Amino acid sequence: MHSLRHALEQTHNNGVAIGHFNIADSVLLKAVFASAQELSVPVLVGVSEGEREFIGVRQIAALVRSLREEFDFPIFLNADHTRSLPKARAAAEAGFDAIVFDLSALPFEENVRQTKEAVEVLKTIKPSILVEGEIGDIGTGSEIHEEAPDLLTGLTTPAEAKQYVESTGIDILAPAVGNMHGMLKSMVRGQTRKHLDIPRIAQIKSAARVPLTLHGGSGTDDDDLRKAISAGINIVHINTELRVAWRRGLEEGLAKQPQKVVPYRILPFAVESVKQAVRPRLRLFNGDR
Ligand SMILES: [Zn+2]
């Protein structure tokens, strides 16, 4: 049987990472699943609170489960950036494989107290669920931003990471290592790229000793991503790059068929456009296969 924990161990042993792609509709889900199938690599589908509200918590759980079962394929579902216990409970009850319980906006001690409580509650609902906790500042909103936020003050320290993991019992840690959510306009144009603090990742890994997730991977320099995976990153999140591709593909489908109203003639353009965004990222995360 496929489990996310098993997939994480395998990727760790092979020195590669699992790609995590956010979806909000069946166009994105189709594109992510087809790309992972083509490359024969495990994949994580993520839904933030907003994305979940749009597609439905139980509905996305049923869709991902049906793909996993019908195709006997390691596709997993993550409740991305869940900021309250009731919403985390709803995802666990629906059968999600993982939950990012994100109280990184709270003071450290409060984040620890509430995350520890959430880990206990969620594991009671579903013992195999993996809970990810977050410390530090990686900005908000997987969108196009006008200005770069100042992230230097919110970087995670190895000591904090160790203390946080040990006192909460989380399975996975999301550190702040120069990454940020969303992309700048210059990144969408391909003129600038994000860079990561690689030595910090390695230090956090040896202090925390759990799988690490890199959030806000869109627009990150390819070589930095490779080095980050070698230094201990096990899951890489990509959202904004897919959103940009989704919109471009949709616009292309509409522009090429101005008279058409049939969704399944227009939407394949969006699927193809998103696949072109997913494929190179999945290849890179899986050792340039
Ligand atoms: Zn994130």
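Residues numbered from 1 in each chain as written. Predicted model: local features only at pLDDT ≥ 70, side-chain atom pairs only at ≥ 80, totals over all residues. Heavy atoms only, no water.

Caption draft 1: Spatial organisation of the pattern of salt bridges. Counted under the stated rule, the structure contains 23 salt bridges. Of the charged contacts, one joins Lys 116 and Glu 120 as a salt bridge, the two residues approaching to 3.3 Å between their closest N and O atoms. Residue Lys 116 and its partner Glu 120 are both found in helix H6 (residues 108–125); the two are separated by four residues, about one turn of the helix. We classify Glu 120 as partly exposed; its relative accessible area is 46%. (Salt bridge = Lys/Arg side-chain N within 4 Å of Asp/Glu carboxyl O. Helix = DSSP H or I, 4+ residues; strand = E, 2+ residues; numbered from the N terminus. Buried < 20%, exposed > 50% of the residue type's maximum accessible area, 1.4 Å probe, protein only.)

Caption draft 2: Region of the structure containing the packing of helix H7 (residues 158–168) against helix H9 (residues 198–208). At a minimum axis separation of 8 Å, H7 and H9 run at an interaxial angle of 30°. The orientation of H7 relative to H9 falls into the category roughly parallel. Crossing of H7 over H9 shows right-handed handedness. Contacts from Pro 158, Ala 161, Lys 162 and Val 165 in H7 reach Gln 203, Ile 204, Ala 207 and Ala 208 in H9. Looking at the contact of H7 with H9 residue by residue, the class counts come to six nonpolar, one polar and one charged. (Axes fitted to C-alpha atoms, helices over the stretch in contact; angles between N-to-C directions. Parallel < 35°, antiparallel > 145°, perpendicular 65-115°, else oblique. Left-handed = near helix turned anticlockwise from the far one by under 90°. Contact = heavy atoms within 4.5 Å. Nonpolar A, V, L, I, M, F, W, Y, C, P; charged D, E, K, R; others polar.)

Caption draft 3: Broad picture of the coordination of the zinc ion. Around the zinc ion, the protein contributes the donor atoms His 81 (NE2), His 181 (NE2) and His 215 (ND1), which lie 1.9 to 2.1 Å from the metal centre. Read from N- to C-terminus, the donor residues coordinating the zinc ion fall into the pattern H-x99-H-x33-H. Separated by 134 residues along the polypeptide, His 81 in strand E3 (residues 75–82) and His 215 in the loop between strand E9 (212–214) and helix H10 (222–231) bring together distant segments of the chain. Accessibility expressed as a relative area gives 9% for His 81, which makes it buried. (Donors = N, O, S within 2.8 Å, 3.2 Å for Na, K, Ca; no water.)

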